[in-house]
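Here's the letter readout for the chains.
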Amino acid sequence: MNITLLGAGAIGALWAVKLTQQQHNVQLWTRNSATETTLHFSELNAPNTSNNYSFNCNDPHALAASELFIVTVKAFQVTTAITPLLPYLSADCVVVIMHNGIGSQHQVQQLLPHNPIIYATTSQAAFKSTPTTVHHTGLGQTSLGAINQQAQTQSNIAKVFNAALSPSQWQANIYQPLWQKLAINCAINPLTAVNQCCNGDLAQACYQSQLDNICNEVAQVMTAEGFSTTQQQLRHQVDTVITATAANYSSMNRDIFHHRLTEIDYISGYLVQQAQRHHIDTPINKQLWQAIKHMESQDHE
Ligand code: KPL
(Lines give C-alpha, C1' and ligand atoms only; values in the text may rest on other atoms or scores of the structure.)
Protein backbone atom coordinates (compact mmCIF):
# COMPACT_ATOMS: atom_id res chain seq x y z
CA MET A 1 0.00 0.00 0.00
CA ASN A 2 1.03 3.64 -0.41
CA ILE A 3 1.17 4.97 3.13
CA THR A 4 1.93 8.36 4.70
CA LEU A 5 2.70 8.46 8.42
CA LEU A 6 2.44 11.76 10.30
CA GLY A 7 4.22 11.94 13.67
CA ALA A 8 7.22 9.62 13.71
CA GLY A 9 7.80 9.61 17.47
CA ALA A 10 8.77 6.26 18.97
CA ILE A 11 5.47 4.49 18.27
CA GLY A 12 5.01 6.12 14.84
CA ALA A 13 8.54 5.18 13.82
CA LEU A 14 7.98 1.60 15.01
CA TRP A 15 4.96 1.27 12.70
CA ALA A 16 6.75 3.01 9.82
CA VAL A 17 9.60 0.46 10.00
CA LYS A 18 7.34 -2.57 10.53
CA LEU A 19 5.10 -1.61 7.56
CA THR A 20 8.21 -1.00 5.41
CA GLN A 21 9.44 -4.49 6.29
CA GLN A 22 6.18 -5.77 4.75
CA GLN A 23 7.09 -4.00 1.46
CA HIS A 24 4.60 -1.17 1.91
CA ASN A 25 5.64 2.14 0.42
CA VAL A 26 5.81 4.40 3.50
CA GLN A 27 6.64 8.11 3.45
CA LEU A 28 7.00 10.18 6.61
CA TRP A 29 5.45 13.60 7.11
CA THR A 30 7.75 15.56 9.40
CA ARG A 31 7.86 18.99 11.04
CA ASN A 32 10.81 20.12 8.93
CA SER A 33 10.96 20.22 5.14
CA ALA A 34 13.37 17.27 4.73
CA THR A 35 12.83 15.19 1.60
CA GLU A 36 14.30 12.04 3.11
CA THR A 37 15.39 10.65 6.44
CA THR A 38 17.01 7.48 7.75
CA LEU A 39 15.88 5.71 10.91
CA HIS A 40 18.18 3.35 12.81
CA PHE A 41 16.00 0.58 14.18
CA SER A 42 16.74 -2.17 16.67
CA GLU A 43 14.44 -5.17 16.88
CA LEU A 44 13.02 -6.47 20.14
CA ASN A 45 15.12 -9.65 19.98
CA ALA A 46 18.34 -7.85 18.92
CA PRO A 47 18.61 -4.73 21.10
CA ASN A 48 22.33 -4.27 20.43
CA THR A 49 22.20 -4.18 16.64
CA SER A 50 20.40 -1.71 14.44
CA ASN A 51 19.39 -1.63 10.77
CA ASN A 52 18.92 1.49 8.66
CA TYR A 53 15.61 2.31 6.98
CA SER A 54 15.39 5.25 4.55
CA PHE A 55 12.12 7.08 4.03
CA ASN A 56 10.98 9.73 1.58
CA CYS A 57 9.44 12.68 3.40
CA ASN A 58 6.94 15.48 2.90
CA ASP A 59 6.04 14.84 -0.76
CA PRO A 60 2.52 16.21 -1.43
CA HIS A 61 2.17 13.99 -4.55
CA ALA A 62 2.92 10.88 -2.50
CA LEU A 63 0.43 12.10 0.12
CA ALA A 64 -2.24 12.56 -2.56
CA ALA A 65 -1.53 8.98 -3.79
CA SER A 66 -1.67 7.52 -0.26
CA GLU A 67 -4.28 4.85 0.39
CA LEU A 68 -3.56 4.88 4.11
CA PHE A 69 -2.72 7.90 6.29
CA ILE A 70 -1.51 7.05 9.79
CA VAL A 71 -1.48 9.83 12.40
CA THR A 72 0.60 9.17 15.52
CA VAL A 73 1.00 12.70 16.89
CA LYS A 74 -0.13 13.55 20.44
CA ALA A 75 -3.86 13.95 21.04
CA PHE A 76 -3.69 17.75 21.31
CA GLN A 77 -1.71 18.03 18.05
CA VAL A 78 -4.08 16.02 15.83
CA THR A 79 -6.17 18.90 14.44
CA THR A 80 -3.34 21.35 13.83
CA ALA A 81 -1.17 18.63 12.28
CA ILE A 82 -3.85 17.36 9.87
CA THR A 83 -5.36 20.73 8.82
CA PRO A 84 -2.58 21.89 6.44
CA LEU A 85 -2.62 18.48 4.72
CA LEU A 86 -6.35 18.46 3.95
CA PRO A 87 -5.94 19.80 0.36
CA TYR A 88 -3.78 16.78 -0.53
CA LEU A 89 -5.73 13.93 1.08
CA SER A 90 -7.92 11.93 -1.28
CA ALA A 91 -11.46 11.38 0.03
CA ASP A 92 -11.09 7.60 -0.01
CA CYS A 93 -7.75 7.50 1.79
CA VAL A 94 -8.24 5.48 5.01
CA VAL A 95 -7.16 7.51 8.06
CA VAL A 96 -5.85 5.73 11.17
CA ILE A 97 -5.40 7.82 14.33
CA MET A 98 -3.39 6.43 17.26
CA HIS A 99 -2.79 8.40 20.46
CA ASN A 100 -3.17 8.09 24.21
CA GLY A 101 -6.50 9.23 25.60
CA ILE A 102 -9.89 9.98 24.05
CA GLY A 103 -11.42 13.19 22.77
CA SER A 104 -10.08 14.06 19.31
CA GLN A 105 -12.73 11.97 17.49
CA HIS A 106 -15.33 14.71 16.98
CA GLN A 107 -12.84 17.22 15.55
CA VAL A 108 -11.30 14.62 13.22
CA GLN A 109 -14.73 13.64 11.88
CA GLN A 110 -15.48 17.31 11.19
CA LEU A 111 -12.14 17.80 9.44
CA LEU A 112 -12.51 14.66 7.31
CA PRO A 113 -16.23 14.19 6.67
CA HIS A 114 -15.72 11.83 3.69
CA ASN A 115 -12.75 9.67 4.68
CA PRO A 116 -13.01 6.30 6.43
CA ILE A 117 -11.70 7.05 9.95
CA ILE A 118 -10.24 4.34 12.18
CA TYR A 119 -8.96 4.80 15.72
CA ALA A 120 -6.25 2.55 17.11
CA THR A 121 -4.62 1.90 20.45
CA THR A 122 -1.51 -0.14 21.11
CA SER A 123 0.45 -1.50 24.04
CA GLN A 124 3.54 -2.13 21.88
CA ALA A 125 6.49 -0.36 23.50
CA ALA A 126 9.21 1.62 21.75
CA PHE A 127 11.56 4.41 22.60
CA LYS A 128 13.91 6.77 20.79
CA SER A 129 17.44 7.10 22.14
CA THR A 130 18.23 9.82 19.55
CA PRO A 131 15.85 11.65 17.16
CA THR A 132 16.57 8.97 14.51
CA THR A 133 17.28 5.87 16.64
CA VAL A 134 14.29 3.71 17.55
CA HIS A 135 14.20 0.66 19.79
CA HIS A 136 11.29 -1.81 19.89
CA THR A 137 11.25 -2.59 23.62
CA GLY A 138 8.08 -4.56 24.32
CA LEU A 139 5.42 -6.63 22.61
CA GLY A 140 1.80 -5.70 23.09
CA GLN A 141 -1.60 -5.78 21.51
CA THR A 142 -2.99 -3.33 18.94
CA SER A 143 -6.73 -2.73 18.48
CA LEU A 144 -8.29 -0.90 15.54
CA GLY A 145 -11.90 0.00 14.80
CA ALA A 146 -14.15 2.32 12.82
CA ILE A 147 -15.52 5.56 14.22
CA ASN A 148 -17.58 6.49 11.16
CA GLN A 149 -19.84 4.72 8.67
CA GLN A 150 -17.25 4.90 5.85
CA ALA A 151 -14.75 2.87 7.90
CA GLN A 152 -17.13 0.04 8.85
CA THR A 153 -15.96 -2.00 5.84
CA GLN A 154 -12.23 -1.40 6.43
CA SER A 155 -11.43 -4.33 8.75
CA ASN A 156 -8.76 -5.36 6.19
CA ILE A 157 -6.61 -2.55 7.64
CA ALA A 158 -6.29 -4.59 10.85
CA LYS A 159 -4.85 -7.41 8.69
CA VAL A 160 -2.26 -5.00 7.25
CA PHE A 161 -1.28 -3.96 10.80
CA ASN A 162 -1.32 -7.58 12.00
CA ALA A 163 1.04 -8.71 9.24
CA ALA A 164 3.41 -5.89 10.22
CA LEU A 165 3.20 -6.34 13.99
CA SER A 166 0.95 -8.90 15.63
CA PRO A 167 -1.35 -9.21 17.45
CA SER A 168 -3.43 -6.46 15.81
CA GLN A 169 -7.17 -6.96 15.86
CA TRP A 170 -10.27 -5.34 14.42
CA GLN A 171 -12.81 -4.31 17.08
CA ALA A 172 -16.54 -3.94 16.51
CA ASN A 173 -16.54 -1.16 19.14
CA ILE A 174 -13.15 0.57 19.35
CA TYR A 175 -14.30 2.65 22.32
CA GLN A 176 -14.05 -0.45 24.56
CA PRO A 177 -10.24 -0.84 24.12
CA LEU A 178 -9.82 2.97 24.06
CA TRP A 179 -11.49 3.17 27.49
CA GLN A 180 -9.48 0.19 28.74
CA LYS A 181 -6.25 2.01 27.78
CA LEU A 182 -7.62 5.27 29.21
CA ALA A 183 -8.02 3.53 32.59
CA ILE A 184 -4.36 2.43 32.50
CA ASN A 185 -3.22 5.92 31.49
CA CYS A 186 -5.39 7.61 34.19
CA ALA A 187 -3.62 5.46 36.79
CA ILE A 188 0.00 5.37 35.62
CA ASN A 189 0.64 8.59 33.68
CA PRO A 190 -0.23 11.41 36.12
CA LEU A 191 1.15 9.59 39.20
CA THR A 192 4.50 8.90 37.51
CA ALA A 193 4.59 12.48 36.18
CA VAL A 194 3.72 14.22 39.46
CA ASN A 195 6.18 12.05 41.43
CA GLN A 196 8.80 11.88 38.62
CA CYS A 197 9.19 8.14 39.12
CA CYS A 198 9.32 5.13 36.79
CA ASN A 199 6.25 2.93 36.22
CA GLY A 200 7.60 0.17 38.49
CA ASP A 201 7.80 2.54 41.48
CA LEU A 202 3.98 2.57 41.56
CA ALA A 203 4.16 -0.96 43.06
CA GLN A 204 5.33 0.65 46.33
CA ALA A 205 2.92 0.59 49.28
CA CYS A 206 2.48 4.38 49.34
CA TYR A 207 0.70 4.38 45.93
CA GLN A 208 -1.76 1.51 46.53
CA SER A 209 -4.73 3.45 47.89
CA GLN A 210 -4.40 6.15 45.18
CA LEU A 211 -4.35 3.46 42.47
CA ASP A 212 -7.43 1.79 44.05
CA ASN A 213 -9.30 5.10 44.13
CA ILE A 214 -8.41 6.02 40.55
CA CYS A 215 -9.59 2.60 39.31
CA ASN A 216 -12.77 2.87 41.36
CA GLU A 217 -13.65 6.24 39.77
CA VAL A 218 -12.79 5.08 36.24
CA ALA A 219 -14.83 1.88 36.69
CA GLN A 220 -17.89 3.92 37.71
CA VAL A 221 -17.61 6.18 34.65
CA MET A 222 -16.95 3.25 32.28
CA THR A 223 -20.01 1.43 33.65
CA ALA A 224 -22.12 4.58 33.15
CA GLU A 225 -20.79 4.75 29.57
CA GLY A 226 -22.02 1.18 28.99
CA PHE A 227 -18.72 -0.74 29.28
CA SER A 228 -18.89 -3.53 31.79
CA THR A 229 -15.92 -3.52 34.15
CA THR A 230 -15.09 -3.40 37.85
CA GLN A 231 -12.57 -1.62 40.01
CA GLN A 232 -10.82 -4.98 40.61
CA GLN A 233 -10.53 -5.74 36.90
CA LEU A 234 -9.05 -2.33 36.13
CA ARG A 235 -6.69 -2.57 39.09
CA HIS A 236 -5.48 -5.97 37.84
CA GLN A 237 -4.82 -4.55 34.35
CA VAL A 238 -3.00 -1.54 35.81
CA ASP A 239 -0.82 -3.82 37.98
CA THR A 240 -0.02 -5.99 34.95
CA VAL A 241 1.20 -2.92 33.00
CA ILE A 242 3.15 -1.60 36.01
CA THR A 243 5.00 -4.94 36.21
CA ALA A 244 5.48 -5.33 32.43
CA THR A 245 6.84 -1.77 32.06
CA ALA A 246 8.52 -1.46 35.47
CA ALA A 247 11.76 0.08 34.18
CA ASN A 248 10.03 2.51 31.77
CA TYR A 249 9.12 6.14 32.29
CA SER A 250 5.57 6.91 31.15
CA SER A 251 5.05 9.31 28.26
CA MET A 252 3.63 11.92 30.68
CA ASN A 253 6.59 11.53 33.00
CA ARG A 254 8.85 12.33 30.01
CA ASP A 255 6.67 15.23 28.85
CA ILE A 256 6.82 16.90 32.28
CA PHE A 257 10.55 16.13 32.60
CA HIS A 258 11.25 17.78 29.22
CA HIS A 259 8.86 20.71 29.93
CA ARG A 260 6.49 19.71 27.11
CA LEU A 261 2.69 19.85 27.06
CA THR A 262 1.06 16.58 28.14
CA GLU A 263 -2.01 14.62 27.02
CA ILE A 264 -3.66 15.11 30.45
CA ASP A 265 -6.78 16.84 28.99
CA TYR A 266 -7.41 13.72 26.89
CA ILE A 267 -6.75 11.31 29.81
CA SER A 268 -7.80 12.45 33.33
CA GLY A 269 -9.47 15.56 31.85
CA TYR A 270 -11.63 13.46 29.51
CA LEU A 271 -12.52 11.10 32.37
CA VAL A 272 -13.60 14.00 34.62
CA GLN A 273 -15.70 15.58 31.84
CA GLN A 274 -17.53 12.31 31.13
CA ALA A 275 -18.02 11.79 34.89
CA GLN A 276 -19.68 15.21 35.16
CA ARG A 277 -22.18 14.25 32.42
CA HIS A 278 -23.13 11.22 34.53
CA HIS A 279 -23.08 13.18 37.85
CA ILE A 280 -20.28 10.96 39.19
CA ASP A 281 -17.73 12.38 41.62
CA THR A 282 -14.10 11.77 40.60
CA PRO A 283 -12.02 13.70 43.18
CA ILE A 284 -8.71 11.86 42.76
CA ASN A 285 -8.71 12.05 38.95
CA LYS A 286 -9.70 15.72 39.17
CA GLN A 287 -6.90 16.43 41.60
CA LEU A 288 -4.33 14.71 39.36
CA TRP A 289 -5.66 16.56 36.28
CA GLN A 290 -5.26 19.88 38.12
CA ALA A 291 -1.80 18.95 39.44
CA ILE A 292 -0.53 18.25 35.91
CA LYS A 293 -2.20 21.40 34.52
CA HIS A 294 -0.43 23.37 37.25
CA MET A 295 2.94 21.79 36.38
CA GLU A 296 2.35 22.56 32.67
CA SER A 297 1.46 26.18 33.45
CA GLN A 298 4.71 26.65 35.42
CA ASP A 299 6.58 25.55 32.29
CA HIS A 300 4.55 27.55 29.74
CA GLU A 301 4.03 30.92 31.43
O1 KPL B 1 0.85 4.25 27.58
C2 KPL B 1 1.67 4.41 28.45
C3 KPL B 1 2.38 5.70 28.44
O4 KPL B 1 3.46 5.81 28.97
O5 KPL B 1 1.80 6.65 27.88
C6 KPL B 1 1.89 3.38 29.52
C7 KPL B 1 0.98 2.21 29.25
C8 KPL B 1 1.60 3.96 30.86
C9 KPL B 1 3.28 2.80 29.52
O10 KPL B 1 4.24 3.65 30.04
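Just so it is clear, the structure is predicted and the values come from calculations on it, not from any experiment.

Definitions and limits used
- Residues numbered from 1 in each chain as written.
- Predicted model: local features only at pLDDT ≥ 70, side-chain atom pairs only at ≥ 80, totals over all residues.
- Axes fitted to C-alpha atoms, helices over the stretch in contact; angles between N-to-C directions.
- Helix = DSSP H or I, 4+ residues; strand = E, 2+ residues; numbered from the N terminus.
- Parallel < 35°, antiparallel > 145°, perpendicular 65-115°, else oblique.
- Left-handed = near helix turned anticlockwise from the far one by under 90°.
- Contact = placed C-beta atoms within 7 Å.
- Nonpolar A, V, L, I, M, F, W, Y, C, P; charged D, E, K, R; others polar.
- Near = placed C-beta within 6 Å.
- UniProt positions renumbered as here; feature names shortened; annotations may be inferred.
- Pairing = 2+ DSSP bridges.
- pLDDT = per-residue confidence, 0-100.
- Core = buried A, V, L, I, M, F, W, Y, C linked by C-beta atoms within 7 Å.
- Buried ≥ 20, exposed ≤ 12 C-beta atoms within 10 Å, placed from the backbone.
- Domains from an automatic or database assignment.

1. Topic: the packing of helix α7 (residues 208–224) against helix α8 (residues 231–244)
Thinking step 1. Taken N-terminus to C-terminus, the directions of α7 and α8 make an angle of 125°; their axes are 8 Å apart at the nearest point. One element, α7, and the other, α8, form an angle in the oblique class. For the crossing formed where α7 meets α8, the hand is right-handed. Contacts from Leu211, Asp212, Cys215, Asn216, Val218 and Ala219 of α7 reach α8 at Gln231, Leu234, Arg235 and Val238.
Thinking step 2. Of the residues that constitute the contact of α7 with α8, the class distribution is six nonpolar, two polar and two charged.

2. Structural notes on the site of the ligand
Thinking step 1. In the neighbourhood of the ligand, the contacting residues comprise Asn100, Ile184, Asn185, Ile188, Asn189, Asn199, Val241, Thr245, Asn248, Ser250 and Ser251.
Thinking step 2. A class-by-class count of the residues in the shell around the ligand yields three nonpolar, eight polar and no charged.

3. Here we look at the UniProt feature "domain: Ketopantoate reductase N-terminal" (unreviewed entry) in the protein chain
Thinking step 1. Mapped onto the present numbering, the UniProt feature "domain: Ketopantoate reductase N-terminal" (unreviewed entry) falls on residues 3–148.
Thinking step 2. Secondary structure within residues 3–148 divides into 20% helix and 38% strand; the distance between the first and last C-alpha atoms comes to 20 Å.

4. Some words on the pairing of strand β9 (residues 133–138)
Thinking step 1. In this structure, strand β3 (residues 36–42) lies alongside β9, joined through three bridges in parallel fashion. Bridge pairing in β9 links Phe41 to Val134.
Thinking step 2. For strand β8 (residues 125–130) and β9, the ladder comprises five bridges, and the chain directions are antiparallel. By the bridge assignment for β9, Phe127 is matched with His135.
Thinking step 3. Between β8 and β9, which pair antiparallel and follow one another directly, the connecting turn spans two residues.

5. Comments concerning the confidence of the model for the protein chain
Thinking step 1. Of all residues in the protein chain, 99% have pLDDT values of 70 or greater, and the mean over the chain is 96.
Thinking step 2. Scoring of the predicted complex yields 0.95 for pTM and 0.97 for ipTM.

6. Quick word on the nonpolar core
Thinking step 1. With 84 residues, the main nonpolar core has Val96 and Ile118 as its most contacted residues.
Thinking step 2. Residue contributions to this core reach at least three from each of two domains, namely domain 1 (2–172) and domain 2 (176–299).
Thinking step 3. With near-sequence residues (within four places) excluded, Val96 lies in contact with Leu68, Ile70, Val71, Ile118, Ala120, Leu144 and Ile157.

7. Let's talk about the sheet that holds strand β11 (residues 168–170)
Thinking step 1. The eleven strands lie next to each other as β8-β9-β3-β4-β2-β1-β5-β6-β7-β10-β11, forming an open sheet whose pairing is mixed. Across the chains shown, the open sheet's two edge strands, defined by having one partner strand only, are β8 and β11. Averaged over neighbouring strand pairs, the angle between their axes works out to 30° when direction is ignored.
Thinking step 2. Sheet topology note: the strand β1 (residues 2–6)/strand β2 (residues 25–29) ladder contains five bridges and is parallel. Bridged to Leu5 within β2 is Leu28.
Thinking step 3. Across the sheet, helix α5 (residues 156–164) touches β5 (68–71), β6 (94–98), β7 (117–122), β10 (142–146) and β11, and the angle it forms with β11 is around 175°.

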